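In case you want the letters, here they are:
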Amino acid sequence: MSKSNTLQAMLDRAKGSGEAMPTPSLKPDISSRKPTLNGRKGTKLIGGHFSPEVSTQLRIIAAEEGTTVQSLLGEALDDLFVKKGRSRIVSG
């Protein structure tokens, strides 16, 4: 049975039983949105587009070291800051 047939069957049943017809809501359903994680409060997303091989390498290293890609990126940024004469600010 197609979606339209199923919907029509539901509407026909509701009509036949005297039930009120559902009215569509114009408000977006925000209950299904992911909540913001507390660990992300006060942070900014930094992103970039790289080849799939870069992504794979990062995930492999993270798995081998038992850490996260985010942690590895923080470590890499700290190394970059030191190389450029800036202070470490990412890693703990």
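Residues numbered from 1 in each chain as written. Predicted model: local features only at pLDDT ≥ 70, side-chain atom pairs only at ≥ 80, totals over all residues. Heavy atoms only, no water.

1. Regarding the overall build of the protein chain
- In terms of regular secondary structure, the protein chain is built from three helices and zero strands.
- Scanning the protein chain from its N terminus toward the C terminus, one meets helices and strands in the order α-α-α. (Helix = DSSP H or I, 4+ residues; strand = E, 2+ residues; numbered from the N terminus.)

2. Observations concerning the pattern of salt bridges
- Counted by the stated rule, this structure contains one salt bridge.
- A salt bridge links Arg-88 to Asp-79; its shortest N-O distance comes to 3.7 Å.
- According to the relative accessible area criterion, Asp-79 is partly exposed, its value standing at 41%. (Salt bridge = Lys/Arg side-chain N within 4 Å of Asp/Glu carboxyl O. Buried < 20%, exposed > 50% of the residue type's maximum accessible area, 1.4 Å probe, protein only.)

3. Observations regarding the confidence of the model for the protein chain
- This prediction gives the protein chain a mean pLDDT of 82; 72% of its residues lie at or above 70.
- Element-level pLDDT for the protein chain is lowest in helix α1 (residues 3-17), with a mean of 75, against a maximum mean of 97 in helix α2 (residues 52-65). (pLDDT = per-residue confidence, 0-100.)

4. Points about the packing of α2 against helix α3 (residues 69-83)
- In contact at an axis separation of 9 Å, α2 and α3 are set at 100 degrees when each is read in the N-to-C sense. What the angle tells us is that α2 and α3 run roughly perpendicular. Side by side, α2 and α3 meet where Leu-58, Arg-59, Ile-61, Ala-62 and Glu-65 of the first sit next to Val-69, Leu-72 and Leu-73 of the second.
- In the contact of α2 with α3, the residues fall into six nonpolar, no polar and two charged. (Axes fitted to C-alpha atoms, helices over the stretch in contact; angles between N-to-C directions. Parallel < 35°, antiparallel > 145°, perpendicular 65-115°, else oblique. Contact = heavy atoms within 4.5 Å. Nonpolar A, V, L, I, M, F, W, Y, C, P; charged D, E, K, R; others polar.)

5. Some words on α3
- Relative to the 21 Å expected for 15 residues at 1.5 Å per residue, α3 spans 21 Å between its end C-alpha atoms, a close match to the ideal helical length.
- Buried within α3 are the following residues: Leu-72, Gly-74 and Asp-78. Buried residues of α3 fall within an arc of 160 degrees about the axis and therefore sit on the same side. Seen from the buried face of α3, the exposed residues on the opposite side, beyond 90 degrees, are Gln-70 and Lys-83.
- Residues of α3 that are buried sit in contact with α2.
- Remark: Gly-85 follows α3 within two positions and exhibits a positive phi of approximately 80 degrees. (Expected span 1.5 Å × (residues − 1). Arc of directions from axis to C-beta.)

6. Notes on α2
- Helix length check: α2 (14 residues) gives 20 Å between terminal C-alpha atoms against 20 Å at 1.5 Å per residue, within 8%.
- Of the residues trailing α2, Gly-66 is marked for its positive phi of about 65 degrees.

7. Here's the deal with the environment of Asp-78
- If you trace the backbone, Asp-78 turns up in helix α3.
- Sequence separation between Asp-78 and Val-90 is 12 residues, and the spatial gap between their C-alpha atoms is 5.9 Å.

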